Structure formats: structure tokens, C-alpha cells
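One letter stands for each residue in the lines below.
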Amino acid sequence: MSTSPNKFSSSLADSVQKGFTDGSNYDAYRPNYTDEATNEVKRMLYSDFQYDSSMTVLELGAGTGKFTQKITAKLNETVTYIATEPMSDFLKILKKNCPKVETRQCATENLPIDDGSIKCIVAAQSFHWFSTKTSLDEMHRVLAENGNVVLLWNFNDRNVDWINQLLSRIDRNRTDPCRYHGKEWKTAIDAHPGFMFVDQKIAQGQIFKGDVEFMLRHCSTHSGLQKLEEKEKEKELDEIRQILTTHPETKGKDTIEFPFFTDIYLYRKVVKSNQRI
């Protein structure tokens, strides 16, 4: 049984619909994924089942394809890889960045995918936006028996004072709980009867490097700022510029190093006797 094709969900968070409209800016100023992190994801995708060269992998919320490019370069060419993205501007860049990958515009609440046809699901920097029961039910529906779900995020060390100040400033503009650090997404999937936690790894991420203006462009890709009116956004960016130009660890530096780590989780589909999802 299949769902109706490419149905676009109106339940997307307001921060998504308003905050993710500039795919070019996002693609240019968001960090990528290291080989260490990508290899760990590949290991988890193949975890606990015999390698199947003809299996299908589904990526949810693929954005502009930053992770899509990295992981598909490591998979066998006979693997079918489907990347989905709800936002049209991001989808356009995804298609450009990954011309050989099958793409579909859809939200996770209504996936145009056959029941049990997916061996693995992956979501990079996106699951916190759709960690609802409806989406989890859909993920469970399309996954094959014992199918794997790999969720990953690039994140910063907030124990570093200037990084915490910068991110706290960005967080002031968030009006919804959808964020990696809040871990509401983890509460949701842990509570769902159709998935079990298997493993977690933290890998070294990219060390983002650039001048103050580069860092400001990176900050502007965050949904909390992107959705603001232009004058409001400029005011917030001025406050962030003040942090970067006055903090002892960043003041006067031509190049600021902004280190990332990648947090990777493996879940697996489970079906209990007489279970209804």
C-alpha cells in the first residue's frame, strides 16, 4: 500500500516555512561532514544485517544535499538512494548538488513510499523538525523489518564561552522547541513503541574557519534569525558581531575557528506481537 504522491504537509513548523527559504546561503555557510562522521553513519546503516547491494536508503529533510553528497559517495552504486526535502528552494539546490540521486518533495507526515520498502532511513541536521508521532508512524511504515534509522547533528561545544554567548544570542529568537540541544526529539522517538535505541557515537566534525563576516553569514542561516524581518535580523547580527569583535578569544582575529562535533544515533524498527502503531 502506498501513500498519495508528494503531498506537502501544512504542519511544518513556522520556523521551517519562514526560516529555510534561502538554500544558497545555507549551502554556502553551513558546515559539512567529516569522513570520520560519514564512515560512522555508513557503519550504522549496515548494522546488524547482511549487506544488500540492492537495498534502498531514504534520507529525510535532506536540505541542500550536504550530507547526501558525502554518504552517497561511500555507498555502492547499486544502492538506491532517495532524498526527500519539503522546501522548494532547498530541493532545487539538492537536485543540482546531487544530480544522480532520486529526489522527492514531501513532508515526513506523508511519505510517497511503499510499505516496508526501505532498509535504512537517515536524517542529518533535521529530525528535530519532524519528531512527531505522525512522522514516526510513517517512518515505521516504510521501513523493512529490523530496518535502521540513523540520526545525526553537527553541534558546537557550548562550554566554550564565546560560542555559548553567540548561540545564546541566536536562541533568543527561537519561538518553538524544535532544536537539537533541547532533546525533545529524543523523548519522542524513545517513547515510540516501534523503535528501539541501539547506539550513539560522537565523531569529530568540521572545524569551520572564517573571518567575522563569514561567521555572521553562518549565523544568519539559523532559522531563528532567517525568519526575522530584515531590520530585526540586522540588529541581531550587530549584537553577534559585537560578541565576535570584543570577546578575548575572538577579538582581532582575521580567522576564527569554530569547531563542530557530530552526534550520531542508531535506532532500529521493532514490531511486537499484536502491536498497533
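Heads up: these notes are all about the structure in this document. Because the structure is a prediction, the values reported are computed rather than measured.

1. Considering the layout of surface pockets
No. 1: Approximately 380 Å³ is the volume found for the largest pocket.
No. 2: If you trace the largest pocket, you find 14 residues lining it, with T72, A73, E77, K100 and V101 closest to the centre.
No. 3: When its residues are assigned to classes, the lining of the largest pocket shows seven nonpolar, four polar and three charged.

2. Examining the pattern of salt bridges
No. 1: Enumeration over the complete set of coordinates arrives at 15 salt bridges.
No. 2: Put simply, R141 and E138 hold a salt bridge, and the shortest N to O gap is 2.7 Å. Of this pair, R141 and E138 both sit in helix α6 (residues 133–142), three residues apart, which is roughly one turn of the helix.
No. 3: E257 is the partner of K209 in a salt bridge, and the nearest nitrogen-oxygen pair spans 3.7 Å. Placement of K209 in strand β6 (residues 195–210) and of E257 in strand β7 (residues 256–269) is noted, with a sequence separation of 48 residues between them.
No. 4: Overall, the relative accessible area of 44% leaves E257 in the partly exposed class.
No. 5: Sharing partners across several salt bridges, the network here consists of D35, K70 and K74.

3. Points about the side chain of Q125
No. 1: The topology assignment puts Q125 in the loop between β4 (118–124) and α6.
No. 2: Note on Q125: relative accessible area 19%, which makes it buried.
No. 3: Of the polar contacts made by the side chain of Q125, one reaches the backbone nitrogen of N154; its length is 2.6 Å.
No. 4: Beyond its immediate stretch of four places on either side in the chain, Q125 contacts Y26, R30, Y33, L152, W153 and N154.

4. A closer look at the nonpolar core
No. 1: Membership of the largest hydrophobic core comes to 27 residues, with the highest contact counts inside it found for V41, F67, Y81, V122, V150, L152 and I264.
No. 2: Ranked by the residues each element gives to this core, the list is headed by helix α3 (residues 35–45), at four residues.
No. 3: Residue contacts for V122: discarding those within four places in its chain leaves V41, L45, V57, L58, E59, L60, F67, Y81, V150 and L152.
No. 4: By size, the runner-up hydrophobic cluster in this structure holds 26 residues, among which are I113, W129, M139 and W185.

Conventions we followed
Residues numbered from 1 in each chain as written. Predicted model: local features only at pLDDT ≥ 70, side-chain atom pairs only at ≥ 80, totals over all residues. Heavy atoms only, no water. 1 Å grid on protein atoms, 1.4 Å probe; cavity = no way out; pocket = protein on both sides within 12 Å on 5 of 7 lines; lining within 4 Å. Points joined across faces, edges and corners; volume = space filled by probe spheres on them. Nonpolar A, V, L, I, M, F, W, Y, C, P; charged D, E, K, R; others polar. Salt bridge = Lys/Arg side-chain N within 4 Å of Asp/Glu carboxyl O. Helix = DSSP H or I, 4+ residues; strand = E, 2+ residues; numbered from the N terminus. Buried < 20%, exposed > 50% of the residue type's maximum accessible area, 1.4 Å probe, protein only. Polar contact = N/O pair within 3.5 Å; in protein donor to acceptor, adjacent residues only side chain to side chain. Contact = heavy atoms within 4.5 Å. Core = buried A, V, L, I, M, F, W, Y, C linked by side-chain atoms within 4.5 Å.

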